[in-house]
Amino acid sequence: MAGVLPSTPHHDHASYWFIGVSILGASISPYLFLFYSSGAVEDQWDETYLGTNRAIAGLGMSFGGTISIAVLIVAALVLASNGVDQITDYHQLPTMLVPVFGLWGYWLFVASLGIACFGAILEVGLQQAYLAAQGLGWNWGEDRKPREDPGFSAAYTLALLFGAIPIAFGLDPLKLTIMSMALTAATLPLTVVPFLFLMNDKRYIGKHGNGIISNSAVVLIILLGSVLAIVTIPLELIGGT
């Protein structure tokens, strides 16, 4: 439990804070807003879904955060005890599970990483399609057939193809992931600030507007996002991997 509490690094300070910024950037990702809200519109949710979605959001973030903490703890116990103090390649990561599960640990890690990446690919690809189709006034919807929304279908198809190009040319996936997480952190204020106004606009949300606690949380996120936006690029240059 003591290891869960934040502490300052004893070495590689810039790299430490850069990873911290990247993790926050991945936790508060702008693409999730558009992906989730577009799904709500497409599935015709009304205010009766509010309670369910609050539970899903709260439990989902809690579960994801717990898993993330567990991964860090396991990594510290296994990798550090075997002399690994710097992760530079995905091939090092399966060794976290091997001491307990043996060879199965390798395949369990591969399956877990594959599932996580597959889910992220679908979300990001569809988000790009939602952004393009809604911005340009095209027909859109993941439940439609391609001939009914050709622009939308082409957008997510091309997003998947273009996303594979850097990897096909040999760019390290781990470095690309960390860099994209950091750039996401740099854009947070532009994404979160409009929500502060939207979630207090009675014309859109009626009686379901934010209270003082929710508004305080959003303001805190905006301040945090502003700090991250300022320090992300310098940390990328100094401590990025």
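For the structure, check the block above.
Residues numbered from 1 in each chain as written. Predicted model: local features only at pLDDT ≥ 70, side-chain atom pairs only at ≥ 80, totals over all residues. Heavy atoms only, no water.

Novice: Tell me about unusual backbone geometry, and please be specific about residues and values.
Specialist: Positive phi, normally seen in glycine, also occurs at Gln 44, with a value near 60°. The residue Gln 44 is located in the loop between helix H2 (30–42) and helix H3 (50–78) in this model. (Helix = DSSP H or I, 4+ residues; strand = E, 2+ residues; numbered from the N terminus.)

Novice: Now, about the pattern of salt bridges: what can you tell me, with residues and values included?
Specialist: Considering all chains together, one arrives at one salt bridge under this definition. Across the salt bridge formed by Arg 203 and Asp 201, the nearest N and O atoms sit 2.8 Å from each other. (Salt bridge = Lys/Arg side-chain N within 4 Å of Asp/Glu carboxyl O.)

Novice: Mind laying out the packing of aromatic side chains, listing which residues take part and the relevant values?
Specialist: According to the stated counting rule, one finds seven aromatic pairs in the structure shown. Relative to Trp 45, the ring of Tyr 36 lies with its centre 5.7 Å away and its plane at 65°, an arrangement referred to as edge-to-face. For Tyr 36, a relative accessible area of 39% translates into the label partly exposed. Taking 5.3 Å as the distance between ring centres and 50° as the angle between the ring planes, the aromatic pair formed by Tyr 130 and Phe 152 counts as tilted. With a gap of 22 residues between them, Tyr 130 in helix H5 (residues 103–136) and Phe 152 in helix H6 (residues 150–168) connect regions that are remote in the sequence. Take Tyr 130 and Phe 152: they sit in the same class, and that class is buried. Three or more aromatic residues link up through ring pairs in this structure, and these residues are Phe 35, Tyr 130, Trp 140, Phe 152 and Tyr 156. (Phe/Tyr/Trp six-rings, centres within 6.5 Å; stacked < 30°, edge-to-face > 60°. Buried < 20%, exposed > 50% of the residue type's maximum accessible area, 1.4 Å probe, protein only.)

Novice: Account for the nonpolar core, with residues named and values stated.
Specialist: Core analysis: the largest hydrophobic core is formed by seven residues, namely Leu 34, Leu 126, Ala 129, Tyr 130, Ala 133, Phe 152 and Ala 155. At the level of elements, H5 and H6 are the ones that each hand at least two residues to this core. Broken down by element, the residue count for this core peaks at four residues, all from H5. Contact partners of Leu 126, with chain neighbours within four places excluded, come to Phe 35, Glu 142, Phe 152 and Tyr 156. (Core = buried A, V, L, I, M, F, W, Y, C linked by side-chain atoms within 4.5 Å. Contact = heavy atoms within 4.5 Å.)

Novice: I'd like a description of the side chain of Ser 38, backed by residues and values.
Specialist: Locating Ser 38 in the fold gives a position in helix H2. Residue Ser 38 is classed as buried on the basis of its relative accessible area of 2%. With sequence-adjacent residues up to four places away left out, Ser 38 is seen in contact with Tyr 130, Gln 134 and Trp 140.

Novice: Any chance you could break down the packing of H5 against H6 for me, citing the residues and the numbers?
Specialist: At their nearest, the axes of H5 and H6 sit 8 Å apart, and the two run at 135° to each other. Taken together, the axes of H5 and H6 lie oblique to each other. Handedness of the crossing formed by H5 with H6: right-handed. Across from Ile 121, Gly 125, Leu 126, Gln 128, Ala 129, Tyr 130, Ala 132 and Ala 133 in H5, the residues of H6 making contact are Phe 152, Ala 155, Tyr 156, Ala 159 and Leu 160. Grouping the amino acids of the contact of H5 with H6 by side-chain chemistry returns 11 nonpolar, two polar and no charged. (Axes fitted to C-alpha atoms, helices over the stretch in contact; angles between N-to-C directions. Parallel < 35°, antiparallel > 145°, perpendicular 65-115°, else oblique. Left-handed = near helix turned anticlockwise from the far one by under 90°. Nonpolar A, V, L, I, M, F, W, Y, C, P; charged D, E, K, R; others polar.)

Novice: Which residues make up a nonpolar patch on the surface, and what values do they have?
Specialist: A cluster of nonpolar side chains, namely Val 98, Val 100, Phe 101, Leu 103, Trp 104, Tyr 106, Trp 107, Leu 108 and Val 110, defines an oily patch on the protein surface of about 960 Å² accessible area. Mapped onto the nonpolar patch, the elements with two or more residues apiece are helix H4 (98–101) and H5. By residue number, the principal contributor to the nonpolar patch is H5, which donates six residues. Mapping Trp 104 onto the fold places it in helix H5. For Trp 104, a relative accessible area of 65% gives the class exposed. (Patch = residues over 30% accessible without salt bridge, like charges linked within 9 Å, V, L, I, M, F, W, Y side chains within 5 Å. Areas by Shrake-Rupley, 256 points an atom, 1.4 Å probe, with all protein chains shown as cover.)

Novice: Residues and numbers for helix H7 (residues 173–186), please.
Specialist: If you check H7, its first and last C-alpha atoms are 20 Å apart, about what 14 residues at 1.5 Å a residue would give, namely 20 Å. Looking only at H7, the buried set comprises Leu 174, Ile 178, Met 181, Ala 182 and Ala 185. On an axial view of H7, the arc spanned by its buried residues comes to 95°, and they lie on one face. (Expected span 1.5 Å × (residues − 1). Arc of directions from axis to C-beta.)

Novice: An account of H3 is needed here, citing residue identities and associated values.
Specialist: Given a rise of 1.5 Å per residue, 29 residues ought to cover 42 Å, and the 42 Å separating the end C-alpha atoms of H3 matches this to within 8%. Among the residues making up H3, those that are buried are Asn 53, Ala 75 and Val 78.

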